[in-house]
Amino acid sequence: MSNTPQKSADLTAKPLTTLSGHEDTIWGLAYLPGGNRVVTCSDDCTVRIWDVETGEQQGTSMEHEGGVYGLAVTRDGKRILSGGDDKNITVWDVETQEAIEEWGTHTSSIWCIAMSDSVDQLAASGDAHGKIVIKEMKEGGQIKQSIDADNSVRSLCFSPNGERIACAANELDDGVHVVHVVHVYDVESGELVLGPINHGKVVRCVLWSLDGSRLFSASDDRTIQCWHSETGESIGQPWRGHDNYVTSLSLSLDGTKLASASADKTIRFWNAHSGDPIERPLQHKSRLWAVTFSPASRSGEFVACGGSDKKVTICHRHTIPF
């Protein structure tokens, strides 16, 4: 079966809940454990927590001194990490919304933050100048690695076992021309172990499969590509269907489905193994910059997304096959 969708009418998303309150574009979102609350970050310089059932903001807004692009939640759901134009990572207490620590290890805007799933949890951040900093999630945030990924880092993702980290980066080819690539680094040594994997145009998001055997990348060339995580070779043809930048990816709980968000105002669903479209797209009214499946407590049957309309929309997935 081809991984180019058959012609079909997009279905307008019918939100179960709409979270309104941000005053500018939403760049990131994450569910807290339990699935009853979602965290968002925005160009309005705030991080916010929302009650999924009521649609109301919980507590006060957590404020930065610039737009906020990077967001992550610790595995126990007690801490939020955020960063952006103020070049600092702030660690927040989920229940009080108060800042616990501030890590000033970057010299340019922070574009992404990722957490490992390992027992001794690690936090990684990437910035506009290509610096990746990996820290231990202990008091003081001791640096484990500092990596130069060349030009800029738009997305980071730890491998399932926490031993490697993939990044979406810009790289200067021959010192003049920029190419858009995926790099994979060893967390312990900081050495490049795979790449560059050239996707073509700007890579907005990189994601591991649940078993660690594959990498997915989403690009401004309007495609998603799947790569062998040991060789960097492409697996199958690019996944086509979006009509604009592919901005964000999320895997379902069992790793069999992939959701993609796009500047074409749609969320699309794919078979994570074959790349075939499996459900009808969800159509929205604005460009989307973030998408995530709901956690186990909600059976992964919902998707939350946010973007240029300054709102988070939570929808039930359409399960109508092509």
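Residues numbered from 1 in each chain as written. Predicted model: local features only at pLDDT ≥ 70, side-chain atom pairs only at ≥ 80, totals over all residues. Heavy atoms only, no water.

Chemist: For this particular structure, what's the right way to read the side chain of Thr40?
Modeler: Structurally, Thr40 is set in strand β4 (residues 37–42). A relative accessible area of 0% means that Thr40 is categorised as buried. Engagement of the side chain of Thr40 in a polar contact is seen with the side chain of Trp50, the distance being 2.8 Å. Every residue in contact with Thr40, bar those within four places of it in the chain, is listed here: His22, Ile26, Gly28, Leu29, Thr46, Val47, Arg48, Trp50, Leu71 and Val312. (Helix = DSSP H or I, 4+ residues; strand = E, 2+ residues; numbered from the N terminus. Buried < 20%, exposed > 50% of the residue type's maximum accessible area, 1.4 Å probe, protein only. Polar contact = N/O pair within 3.5 Å; in protein donor to acceptor, adjacent residues only side chain to side chain. Contact = heavy atoms within 4.5 Å.)

Chemist: What's the story with the sheet that holds strand β10 (residues 99–103) in this structure? I'm lost.
Modeler: Here we have four strands laid out as an open sheet, ordered β7-β8-β9-β10, and antiparallel in their pairing. Looking at which strands have only one partner, the edges of the open sheet turn out to be β7 (68–73) and β10. Strand-to-strand twist of the sheet, defined as the mean angle between neighbouring strand axes without regard to direction, takes the value 20 degrees. Taken together, the five bridges between β7 and strand β8 (residues 79–84) define a ladder with antiparallel strand orientation. Residue pairing in the sheet places Val73 in a bridge with Ile80 of β8. (Pairing = 2+ DSSP bridges. Axes fitted to C-alpha atoms, helices over the stretch in contact; angles between N-to-C directions.)

Chemist: Sorry, what's going on with the side chain of Thr105 here?
Modeler: Mapped onto the elements, Thr105 comes out in the loop between β10 and β11 (110–115). Once you skip the residues sitting within four places of it in the chain, Thr105 turns out to touch Lys131, Val133, Lys135 and Ile143.

Chemist: Sorry if this is basic, but what is going on with the nonpolar core here?
Modeler: Soluble, globular proteins show a tendency: their nonpolar side chains are buried together. Leu207, Leu215, Phe216, Ile224, Trp239, Leu249 and Leu258 are the most contacted members of the largest nonpolar core, which totals 25 residues. Within the residue set of this core, elements represented by two or more residues are β16 (164–173), β17 (177–186), β18 (192–200), β19 (203–208), β20 (214–219), β21 (223–228) and β23 (246–251). Residue contributions to this core peak at five residues, all from β19. Among residues more than four places away in sequence, those in contact with Ile224 are His199, Ser217, Pro238, Trp239, Val246, Leu249, Leu258, Ser260 and Trp270. Counting 18 residues, the second-largest nonpolar core is a separate cluster that includes Ile134, Val181, Tyr185 and Val187. (Core = buried A, V, L, I, M, F, W, Y, C linked by side-chain atoms within 4.5 Å.)

Chemist: How should I be thinking about the pattern of salt bridges in this particular structure?
Modeler: Pairing between side chains of opposite charge can happen when their charged atoms approach one another. A full pass over the atoms with the stated rule returns seven salt bridges. Of the charged contacts in the structure, one is a salt bridge between Arg37 and Glu95, with a shortest N-O distance of 3.2 Å. In this pair, Arg37 sits in strand β4 while Glu95 sits in the loop between β9 (89–93) and β10, placing the two residues 58 residues apart along the sequence. The exposure class of Glu95 is exposed, given its relative accessible area of 53%. For Arg164, the salt bridge identified is with Glu230, shortest N-O distance 3.2 Å. Here the residue Arg164 occupies a position in strand β16, and Glu230 occupies one in the loop between β21 and β22 (239–240), the gap between them amounting to 66 residues. We classify Glu230 as exposed; its relative accessible area is 54%. (Salt bridge = Lys/Arg side-chain N within 4 Å of Asp/Glu carboxyl O.)

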